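What the coordinates show
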Amino acid sequence: MKNKDLRMGITMMVLWIILFGLSFTFQSSDAVKSHTTASFFPQVVLLVAMFFTAIMIYQSIRNGPDEAEERAVDYREVKKRVVLSMVAAIAFGFGVSYLGTLVSIALFIIATMLVWGVRNKVSILLNAILTPIIIYVIFTKILWVQLPAGILF
């Protein structure tokens, strides 16, 4: 296995499968009445993650070793990006309480995409707008899960 994407894909797939198995142990709370169990949403998300990871593995096998593998990796830059991503994740956690879930998700997406070098403004805005909308529809309208509203309501 010379291809880093293939190794990463296989590692991610193993992780998704383990988490999927663990999701069957989730217990529903009687605090919130819903027509789904506590394990339903994590299982759906994990199945989607497995699907996209399978596509990534297929592409890695089809394309062969990546030419970028031969280039030197600046580990200081990667470490900086990982640390900034973790800071954004922590800020997201606090932001959910104060700003609300949807605003925090949009800000997290913008911050993370900028940290990892995405500079296409249209791509950033589409992701920051469409993702919270999709999450709102799935959670609030389909699963009947109330998300922390924050400043929105």
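Structural data are supplied above this passage.
What counts as what
- Each chain has its residues counted from 1, following the order in which its sequence is written.
- Owing to the predicted nature of the model, reporting of local features is limited to residues with pLDDT of at least 70; listing and counting of side-chain atom pairs is limited to 80 or more, with chain, interface and lining totals taken over all residues.
- Calculated side-chain values reflect all of the structure's heavy atoms, with hydrogen atoms and water omitted.
- Only the stretch in contact is used when a helix axis is fitted, and all axes are lines through C-alpha atoms; the angle between N-to-C directions ranges over 0 to 180 degrees.
- Here a helix means four or more residues in a row that DSSP labels H or I, a strand means two or more in a row labelled E, and each is numbered from the N terminus.
- Any angle that is under 35 degrees is reported as roughly parallel, and any over 145 degrees as roughly antiparallel; angles of 65 to 115 degrees are reported as roughly perpendicular and all others as oblique.
- The contact definition used throughout considers only heavy atoms, calling two residues in contact when any of these lie within 4.5 Å.
- Residue polarity follows a fixed list, in which Ala, Val, Leu, Ile, Met, Phe, Trp, Tyr, Cys and Pro are nonpolar, Asp, Glu, Lys and Arg are charged, and the others, Gly among them, are polar.
- One fewer than the residue count of a helix, multiplied by 1.5 Å, yields its expected span.
- Side-chain atoms within 4.5 Å are what join buried Ala, Val, Leu, Ile, Met, Phe, Trp, Tyr and Cys residues into a set we call a nonpolar core.
- Throughout this description, buried means an accessible area under 20% of the type-specific maximum (1.4 Å probe, protein chains only), exposed means over 50%, and partly exposed covers the range between.
- One side-chain nitrogen of Lys or Arg within 4 Å of one carboxyl oxygen of Asp or Glu is enough to make a salt bridge.

Our focus in this paragraph is the packing of helix α3 (residues 75-98) against helix α4 (residues 101-115). Put simply, α3 and α4 touch, their axes get as near as 9 Å, and they point 170° apart. The angle between the axes of α3 and α4 places the two elements in the roughly antiparallel class. Contacts between α3 and α4 involve R81, L84, S85, A88, A89, F92, G95 and V96 on the former and, on the latter, T101, S104, I105, F108, A111, T112 and V115. Partitioning the contact of α3 with α4 into residue classes produces 9 nonpolar, 5 polar and 1 charged.

The α-helix winds at 3.6 residues per turn, so residues separated by three or four positions along the chain end up facing the same way. Here α4 spans 21 Å end to end across 15 residues, near enough to the 21 Å set by a 1.5 Å rise per residue. Downstream of α4 by a residue or two, G117 has a phi angle that is positive, lying close to 95°.

The next subject is the nonpolar core. Listed in full, the 7 residues of the largest apolar core are L6, M13, W16, L46, A49, M50 and I57. For this core, the elements supplying multiple residues, two or more each, are α1 (4-23) and α2 (40-63). With 4 residues, α2 is the single largest residue contributor to this core. A106, M113, I124 and A128 belong to the second largest nonpolar core, which has 6 residues in total.

The full count for this structure, using the stated rule, is 1 salt bridge. The residue E77 makes a salt bridge to R81 at a minimum N-O spacing of 3.2 Å. Here E77 and its partner R81 are both found in helix α3, 4 residues apart, which amounts to about one turn of the helix. Given a relative accessible area of 30%, E77 falls into the partly exposed group.

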